[in-house]
Each structure stands twice: as structure tokens, then as C-alpha cells.
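Residue-level structure breakdown
Residue strings, one per chain:
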Amino acid sequence: MFDVIVCLSVTKWVHLNWGDCGIKKLFKKMYQSIRPGGKLILECQHWKSYARRKKLTPNIYKNYREIQIHPDEFPRYLMTMGFEDWKTLGVPYHNHKGFRRPIWMFSKPAQSETSLSQSSSSNCNPSSQQSPLSQPGLENKEK
């Protein structure tokens, strides 16, 4: 269990590689790993930046087209998981506008329940999500 988890510039890559199911699993794992009264510090890439990377692989393109939970909806989603409040800590200045992203802090209740709400795991079947290494063309040729 951790007092604080810091997650910066990671969510887009989890989201693109494993879709909504991957981001839900990431959030669930972080929530479960934070002790009651602990904090999650989260910085997410803007949805607009996803489009620039959507054609890296066929799997990423498929996931991009199927994403339903956009980054600006992450705070609302995290609140349904059990975090009791959240606030924006700030938006760091950077020469490139794409790096000017809000840094959010979510608080887990001091008396946290052990189970998460239904929304945190709905429609996440691990067998339906391909690993990036299982994409056509990336399999091990030495078999």
C-alpha cells in the first residue's frame, strides 16, 4: 500500500494499447494500491494528442476508434470508483502547448471500502484485449 501514487504522461499509452479496459484496470490497480486517506497524482494527455499516435499499429488504431472514456472524463470516472474528491494542483508552463496539462490530485477516503463500484470493471474481459506483442507481424519468428 502506498500513501501517494504519481502517474504522469502514462494514461494515453495504456489507453491506446489496451483501450478503455486497460485504463479501467490501471485506475483500479492504483485505487487498490493506495492506502485509505492516500492520494493519486495524475496527469493525462489531452484527447487531441491521441489522434497523432492512432496509426502506430493496427491494434492502437482499433483501440483509438473504440475508446469511450476520454481523458477529460477521467475525474468523473475516478470519483465513481471511490475517490472522495479531486482538485487541480496546477498546469505547468511548457514551451509546447501539448505539455501544458493539468495535474490532478484525487483523495481516497480515510475509511475506504475494500470493494470498488461496478463501473470500475464493467466490460473488461482480459481475453478480449490483445497484448501489443500479439499483433500480426510482431509474433516471434523463431518458433
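Residues numbered from 1 in each chain as written. Predicted model: local features only at pLDDT ≥ 70, side-chain atom pairs only at ≥ 80, totals over all residues. Heavy atoms only, no water.

**As for the packing of helix 1 (residues 11–33) against helix 4 (residues 74–81)**
The axes of two packed helices give the description: the angle between them and the distance between them. In contact at an axis separation of 9 Å, helix 1 and helix 4 are set at 30 degrees when each is read in the N-to-C sense. Between helix 1 and helix 4 the crossing geometry is right-handed. For the pair helix 1 and helix 4, contact is made by Thr 11, His 15, Ile 23, Lys 24, Phe 27, Lys 28 and Tyr 31 and by Phe 74, Tyr 77, Leu 78 and Met 81, respectively. Residue composition of the contact of helix 1 with helix 4, grouped by class: 7 nonpolar, 2 polar and 2 charged. (Axes fitted to C-alpha atoms, helices over the stretch in contact; angles between N-to-C directions. Helix = DSSP H or I, 4+ residues; strand = E, 2+ residues; numbered from the N terminus. Left-handed = near helix turned anticlockwise from the far one by under 90°. Contact = heavy atoms within 4.5 Å. Nonpolar A, V, L, I, M, F, W, Y, C, P; charged D, E, K, R; others polar.)

**Structural notes on the packing of aromatic side chains**
Taken as a whole and assessed by the stated rule, the structure comprises 9 aromatic pairs. Geometrically, the ring pair formed by Trp 47 and Tyr 64 is stacked, given 5.0 Å between the ring centres and 5 degrees between the ring planes. Residue Trp 47 is found in helix 2 (residues 47–51), and its partner Tyr 64 is found in helix 3 (residues 58–66); the two are separated by 17 residues along the sequence. On the basis of relative accessibility, which here comes to 24%, the residue Trp 47 falls in the partly exposed class. When the ring of Trp 86 is compared with that of Phe 106, the centres are 5.9 Å apart and the planes differ by 20 degrees; the resulting orientation is stacked. Placement of the pair is Trp 86 in strand 3 (residues 85–90) and Phe 106 in strand 4 (residues 103–107), with a sequence separation of 20 residues. Accessibility expressed as a relative area gives 38% for Trp 86, which makes it partly exposed. Three or more aromatic residues joined by ring pairs form one cluster here, namely Tyr 31, Phe 83, Trp 86, Trp 104 and Phe 106. When the ring centre of Tyr 31 is taken as reference, the NZ or CZ atom of Lys 108 above it lies at 4.3 Å. (Phe/Tyr/Trp six-rings, centres within 6.5 Å; stacked < 30°, edge-to-face > 60°. Buried < 20%, exposed > 50% of the residue type's maximum accessible area, 1.4 Å probe, protein only. Lys NZ or Arg CZ within 6 Å of the ring centre and 35° of its normal.)

**Things to note about the nonpolar core**
In terms of nonpolar packing, the biggest core is built from 24 residues, with Phe 27, Leu 40, Leu 42, Phe 74, Leu 78, Phe 83 and Phe 106 touching the most fellow members. Put simply, the parts of the chain that give this core at least two residues each are strand 1 (2–8), helix 1, strand 2 (34–43), helix 3, helix 4 and strand 4. A per-element tally of this core places helix 1 first, with 6 residues. When neighbours within four sequence positions are excluded, Phe 83 is seen to be in contact with Tyr 31, Ile 34, Leu 40, Leu 78, Phe 106, Ser 107, Lys 108 and Pro 109. (Core = buried A, V, L, I, M, F, W, Y, C linked by side-chain atoms within 4.5 Å.)

**Observations regarding a nonpolar patch on the surface**
Judged by side-chain polarity, Val 4, Val 6 and Leu 8 come together as a nonpolar surface patch covering roughly 260 Å² of accessible area. For Val 4, the position within the fold is in strand 1. Given a relative accessible area of 44%, Val 4 falls into the partly exposed group. (Patch = residues over 30% accessible without salt bridge, like charges linked within 9 Å, V, L, I, M, F, W, Y side chains within 5 Å. Areas by Shrake-Rupley, 256 points an atom, 1.4 Å probe, with all protein chains shown as cover. Salt bridge = Lys/Arg side-chain N within 4 Å of Asp/Glu carboxyl O.)

**Observations regarding the confidence of the model for the protein chain**
In the predicted model, the protein chain carries a mean pLDDT of 82, and 76% of its residues have values of at least 70. Taken as a whole, residues 126–143 scores under 50 in pLDDT and shows 18 contacts with residues more than four places along the chain or in a different chain. (pLDDT = per-residue confidence, 0-100.)

**What about the sheet that holds strand 3?**
Ordered by their spatial adjacency, 4 strands build an open sheet running 1-2-4-3, and the pairing between neighbours is mixed. Looking along the sheet, the strands with just one partner apiece sit at the ends: strand 1 and strand 3. Going across the sheet, the axis of each strand differs from the next one's by a mean of 20 degrees, ignoring polarity. Helix-sheet contacts for helix 1 involve strand 1 and strand 2, and the interaxial angle to strand 2 is about 155 degrees. (Pairing = 2+ DSSP bridges.)

**Some thoughts on the environment of Asp 20**
You can see Asp 20 is positioned in helix 1. Taking the C-alpha atoms as reference points, Asp 20 and Asn 63, separated by 43 residues in sequence, lie 8.0 Å from one another. Here Asp 20 is in contact with His 15, Glu 66, Ile 67, Gln 68 and Ile 69, once residues within four sequence places are set aside. In terms of polar contacts, Asp 20 uses its side chain to reach the backbone amide nitrogen of Gln 68, at 2.7 Å. A polar atom in the side chain of Asp 20 sits 3.3 Å from the backbone nitrogen of Ile 69. (Polar contact = N/O pair within 3.5 Å; in protein donor to acceptor, adjacent residues only side chain to side chain.)

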